[in-house]
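Take a look at the letters that make up each chain.
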Amino acid sequence: MYDFTYHKAASLDDAAKLLASAVDAKPIAGGQSLLPMMKFRLASPSDLVDLGTIAGLDRIEAEGGTLTLGAMCRHGAVCTSEVVQKTLPALAHLAGLIGDPAVRHRGTLGGSLANNDPTADYPAAAVSLGATIVTSKREIAAEDFFTGLFETALEPDEIVVAARFPVPEKAAYEKFRNPASRYAMVGVFVAKFPDVVRVAVTGAGASGVFRVPSFEEALSKDFSADALKGLSISTDGLAGDIHASAEYRAHLVGVMARRAVAAANG
Amino acid sequence: MNVTLTVNGETRSAEVPPETTLLVFLREYLNLTGAKTGCDIGDCGACTVILDGKAVNACLMLAAQADGRDVITIEGLATREGLHPLQKVFEETGALQCGFCGPGVILSAKALLDENPAPSKQEIRNALAGNLCRCTGYVKMIDGIQEVAETMRSVPTPALPAASKGEQKHG
Amino acid sequence: MSATGIGASVRRKEDFRFVTGRGQYTADIARPGQAHLYFVRSTHAHAKILRIHAGHASRMPGVIAVLTGEDFAAGKLGSLVCGWLIHSKDGTPMKMAPHPALPVDRVRHVGEPVVAVIAERADQARDAAEAISIDYEELPSVVDPAKAQAPDAPQIHEVAPNNTIYQWQLGDPAATEAAFARAASVTAIDLVNNRLIPNAMETRAAVAEYEPGTEQFTLWNTSQNPHVARLVLSAFVGIAPEHRLRVIAPDVGGGFGSKIFIYPEELVALWAAKTVRRPVKWTSERSEAFVADAHGRDHVTRAELAFDAEGKILGLKVKTIANLGAFMSTFSSSVPTYLYATLLSGQYDIPAIFCEVDAVYTNTVPVDAYRGAGRPEATFVVERLMEVSARRLGVDPAELRRKNFVKNFPHQTPVIMNYDAGDYAASLDKALALADYAGFPQRKREAAGRGKLRGIGLSAYIEACGIAPSQAVGSLGAGVGLWESAEVRVNPTGTVEVLTGSHSHGQGHETTFAQLVSHRLGIPIDNIAVVHGDTDKVQFGMGTYGSRSGAVGMSAISKALDKVETKAKKVAAHLMEASEADIVFEDGKFTVAGTDKAVTFGEVALNAYIAHKFSGAELEPGLKEGAFYDPVNFTFPAGCHVCEVEIDPETGRTDVVNFTAVDDFGNVINPMIVEGQVHGGIVQGIGQALMEACVYDESGQLVTGSYNDYRMPRAGDFPPLVVDTTVTPCPSNPLGIKGCGEAGAIAAPAAVMNAVTDALGTEDIAMPATPLAVWTVLQRQAHREAAE
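Residues numbered from 1 in each chain as written. Chains lettered and ligands numbered in written order. Predicted model: local features only at pLDDT ≥ 70, side-chain atom pairs only at ≥ 80, totals over all residues.

Helix and strand content of chain A: eleven helices and 14 strands. Taken over the C-alpha trace, chain A has a radius of gyration of 18 Å; the compact-globule value for 266 residues is 18 Å, and the two agree within 12%. Evaluated residue by residue, chain A yields a buried proportion of 55% over its 266 residues. Intrachain contacts of chain A at a sequence separation of at least 6 include 61% that bridge at least 24 residues. (Helix = DSSP H or I, 4+ residues; strand = E, 2+ residues; numbered from the N terminus. Rg over C-alpha atoms; globule rule 2.2 N^0.38 Å. Buried ≥ 20, exposed ≤ 12 C-beta atoms within 10 Å, placed from the backbone. Contact = placed C-beta atoms within 7 Å.)

Structure (structure tokens):
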């Protein structure tokens, strides 16, 4: 890692000020993605602003059909939270599939959303559930938040504070891990609301999370795995590498979507 | 910058550059070399330590982020009374071979059992998902952890020193 | 059997320090005043070095020295060498190109060290390394061994036209052709033995120290064979005379072959320590380990097996191209030749075998021995051929094997080896019973009901361990003898130190070797210390590889113990005023036959040193004996592994659902340790078959250079492994042991791939059978069916 200046943020305002004041400051939450990038010298922030010291950013609340998770909620806490397990079990399940226990104990929801790794799990949940990303400046709909590969709508001094997940009637997440990295090679989150079904895919897209309108349409009419039979997605825009060709990823999107619907139907 | 934390029950403090990871802090500033550098990017688990009761990769954490917190390393696991049951079972069954991954595996297992005293075999495997071992095939480790869990359950008195009890020996 | 003697599952003496985090590995060692070494490595697969811009770097904070290949050449140090001379079939010696620790004018693989930076702190060395820029002129490169010999392939070394190191052959071509001419059926297959990256969890490291006053060097190094390292560094490289170089291999975190070899980095560390007059420490980062540690396997093979009408094997023909990478590593030449082709007879009575091997240079990391070394490649050829043949002949694969087993021993194969003992039907039968082979069809039907494809596969492997009779390997080109040394020092208090030339890096020698001594001398195991891994303490040793430490290293100890016993009897005779011929030594006690006189081992030890009971004219004081043991034959562990897989046809994911191993290792010293060795080997073998692939792109960049792309076996990947043994004692060494360290890695890949191909109903899939590979096969089948 290159040299940097480390700051403990006392509050959100403090963090925002610190971020705005330095040339190339970055917030650090769990650091599970940022620190490896810094070690590889692919990221070289002048300043790190530690959000871990700000009180109240790790709350978990369910109220009025919405589950709100603070940005500093660790994956492990989300996975084991009784509130999440009761309100949105698919999300608890997803959090339990991230990385390994050590990563889950440090990694945070806000960090994952802000990093927008194309193989991360949370973006699929956020898009499928129609989450709202609450930042230090505003509220952003999940679909507007993720703008491309490792890109989000966040401004340099803007910090993710929380995410609000509307609670669906049914939802499930199915993940096919990259055999080596264990990130999602294909992850499909399916959510059924009274008026809409959303299917969001992570891992497969060359530029990050995306929805599958044809699947959503079919599932809106008939929320069953059978409704997806014969449907497939195009390989356009899908990633291809030594672990999975675009064709294979497209195929897995179908398989994981069917399995997710079956799981959601319990 | 100054970093002060509790390591194995003792308050330890050092002046370090901000880019110092918790792993480097333990190994180079405190001379606690039980946590190993296997990959230094959180993929292998050789540096696993317990932070406030949870297993974490010491290489993926700044020492500054651990400031004021409580860390248990492999050096702090045994008490004056003897080895931790996990250490004991690993020794009795030959669960390690070259020993390099052992500290990390044992601490991952301890964190699991502290939280879930009755894990299934699959839960044990999941708990070790981040710990790479090239020698053993993991077989005796998984069996050993299960054996400890079963023994602990059958002995109602807390034979296993919880994190707090492990610290008393230094207090 | 005593509680701590031979055959007991004694708790490992090394484990207390390991479970408490007190192991001392090279990276844990810090010397006062040490500086840190970091390498600038080649980013190109093949390029000319035009200019190195290091001026700025050498002035950066903390930088002590920046050293290049030119500095190294000016130091008149020698080249790294490959120590096994192979001759081509035309009689010419192998084309070994120079391998300087740092190159002067050309780089030949990504990751090759080019510039060494020494600085006060590790991060300063790295910062300075980053500030060094190198002007390269890129050259075309070749990474695929099958393409390396093409006329238009780029030439990697001048000494090796067509990148061909040797064209070697073994066996009788005429007899083999004749066998094929009268065959009723021939099975031909094309195989790729995938390239692997060893990935010991401890990365390589070196701490080098030079004492100007005495001109003495010390090197702490992650080595499986510190004496061999010292020999190469002194005799070939000339860094220091052998008597002024101490090499210490402390606790070593796994080797699997990769820490046998002498690499540029430790050599540069030694040289740098002398140059800067400071202790110099180098620790490989994981990303460096991927591009700097010798890789394993990487064979392309065409193999044919001829049968008569009754299913008896008539002959075997094998043609292999072996990739040795950009330079010939320490033992690289022996792996695809004498460690490979000599095992092609498998467990079978094969009258005629002919094998041709071309070894080639490519622009990849050097390839050398990796757990099994040649023998997994041979087993894969033979056992895939047997399985495919059985399927084509429509006979049970187990029965085809049984029909062709070698049944009488000793058995001379057509490829050098003389099998001394074995019972292949016994391990097959036991494995089939434990795996419930008979119940498989029902399990397959049940799996089909769940939408899964289930397959079963066998691997009846053999390996040659206990490497090796020195005279024999010398005649085959080895540059060293492969005996082992031991010294047994009995102290006046009756405790014992055993000094061994074997090195333990996970094998548990401190325990098993002590068990032998406890067994022989009748003393508690806690009174025995095993000393290894330090050239100043142990006179000489050949180190640990090729599952040799039990059969060869322990035999040396056994021989030294014979001498100790003989001497001790003389002392006991004086103590009890009896004739030496009447002294009986049993259970740690010396008695005089036919009397009730007795003295303990401890009393004898004490008296050997105080020497009050005998005169110097009669007997030398002291009780210390050494021995060199040179084996008379290889040992031949063998057995049968059975793998059962289930494939999810929707995703292509393969799960190993059952794995059974029955091995014949001869006599077993510590069953608990042996079981662990088998587990580890199997998991590495399953890793090779289903997970691990070292992939280079066309331009010679390593695609799988991290754990995000190189798929390591993890805890969740395996079912419980069923492991058992059969025993035919090895007649070729005093302990009757054969070796167990590599069996799993040798046997498992073929068993797994035989199961995968059984499940898929096609032979057309290469290792590793990743989800993508399996899905691709299933797609092809679906398209074919649709077309039909």
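All names here are of chain C. Within strand 19 (residues 484–490), six of the seven residues are buried, which leaves it mostly tucked inside the rest of the structure. Sheet analysis places strand 19 next to strand 25 (residues 624–629), joined by six bridges and oriented antiparallel. Considered in strand 25, the bridge of Arg-489 is made with Lys-624. As judged from the five bridges shared by strand 19 and strand 20 (residues 496–500), these two strands associate in the antiparallel manner. Across the sheet, the residue bridging to Arg-489 is Glu-497, located in strand 20. If you look at the hairpin formed by strand 19 and strand 20, you'll find five residues sitting between the two strands, and Gly-494 has a positive phi there, around 90 degrees. (Pairing = 2+ DSSP bridges.)

A word on helix 16 (residues 549–575) of chain C. In this model helix 16 of chain C runs 36 Å from its N-terminal to its C-terminal C-alpha over 27 residues, within 8% of the 39 Å that 1.5 Å per residue would give. C:Glu577 sits one or two residues past helix 16 of chain C and shows a positive phi near 50 degrees. (Expected span 1.5 Å × (residues − 1).)

A few words now on the interface of chain A and chain C. Taken residue by residue, the interface counts eleven residues in chain A and 14 residues in chain C. Here the side of chain A that touches chain C gets three residues from one element, more than from any other, and that element is helix 11 (residues 246–264) of chain A.

All names here are of chain C. Positionally, Asp-293 belongs in the loop between helix 9 (286–292) and strand 13 (299–307). Along the backbone, Asp-293 and Glu-377 are 84 residues apart, and their C-alpha atoms lie at a distance of 20 Å. Filtering out sequence-adjacent residues up to four positions away, Asp-293 remains in contact with Pro-198, Arg-204 and Ser-258.

This part is about the domain arrangement of chain A. For chain A, the assigned domains read domain 1 (5–50), domain 2 (60–166) and domain 3 (170–264). When each unit is reduced to the centre of its C-alpha atoms, the spacing between domain 1 of chain A and domain 3 of chain A is 34 Å. (Domains from an automatic or database assignment.)

All names here are of chain C. You can see Lys-312 is positioned in the loop between strand 13 and strand 14 (313–323). The class of Lys-312 is partly exposed, set by 16 C-beta atoms lying within 10 Å. Through-space distance from the C-alpha of Lys-312 to that of Val-599 is 62 Å; in sequence the pair is 287 residues apart. When near neighbours in sequence (up to four residues on either side) are disregarded, Lys-312 contacts Phe-307, Lys-403 and Asn-404.

The subject of this paragraph is the pairing of strand 11 (residues 245–248) of chain C. Of the two faces of strand 11 of chain C, only one is covered, namely that formed by C:Leu245 and C:Val247; the face formed by C:Arg246 and C:Ile248 stays uncovered. Following the backbone out of strand 10 (residues 216–221) of chain C, through helix 7 (residues 226–236) of chain C and into the adjacent parallel strand 11 of chain C, one traces a crossover that is right-handed. (Right-handed = clockwise from strand over helix to strand, strands pointing away.)

Time to look at helix 17 (residues 601–610) of chain C. Three or four residues apart is the spacing at which side chains of an α-helix point the same way, because the helix has 3.6 residues per turn. Listed in full, the buried residues belonging to helix 17 of chain C are C:Phe601, C:Val604, C:Ala605, C:Leu606, C:Asn607 and C:Ala608. Here the buried face of helix 17 of chain C lies against strand 19, helix 15 (509–521), helix 16, strand 23 (589–592) and strand 24 (598–600) of chain C.

So, about the interface of chain B and chain C. The interface is formed by 44 residues belonging to chain B together with 41 residues belonging to chain C. Only helix 2 (85–93), helix 3 (102–115), helix 4 (121–127) and helix 5 (139–154) of chain B provide two or more residues apiece to the side of chain B that touches chain C. By residue number, the principal contributor to the side of chain B that touches chain C is helix 2 of chain B, which donates five residues. Considered class by class, the residues forming the side of chain B that touches chain C number 21 nonpolar, 15 polar and eight charged. (Nonpolar A, V, L, I, M, F, W, Y, C, P; charged D, E, K, R; others polar.)

Turning our attention to unusual backbone geometry. The residue after C:Ile467, namely C:Ala468, is reached through a cis peptide bond having omega -10 degrees. For the peptide bond that leads from C:Met767 to C:Pro768, omega is -10 degrees, which places it in the cis range. For C:Pro768, the position within the fold is in the loop between helix 19 (743–760) and helix 20 (771–787). A positive phi angle is found at A:Arg182, which is not glycine, with a value near 70 degrees. Mapped onto the fold, A:Arg182 is located in the loop between strand 11 (170–177) and strand 12 (184–192). On the neighbour-count criterion, A:Arg182 (23 C-beta atoms within 10 Å) is buried.

This part takes up the sheet that holds strand 2 (residues 25–28) of chain A. All names here are of chain A. Strand order in the open sheet made by the three strands is 1-3-2, with parallel pairing throughout. The open sheet has two edge strands with one neighbour each: strand 1 (5–8) and strand 2. Adjacent strand axes in the sheet meet at a mean angle of 25 degrees, parallel and antiparallel pairs treated alike. With four bridges connecting them, strand 1 and strand 3 (residues 47–50) associate as parallel partners. Bridge assignment links His-7 to a residue of strand 3, and that residue is Val-49. (Axes fitted to C-alpha atoms, helices over the stretch in contact; angles between N-to-C directions.)

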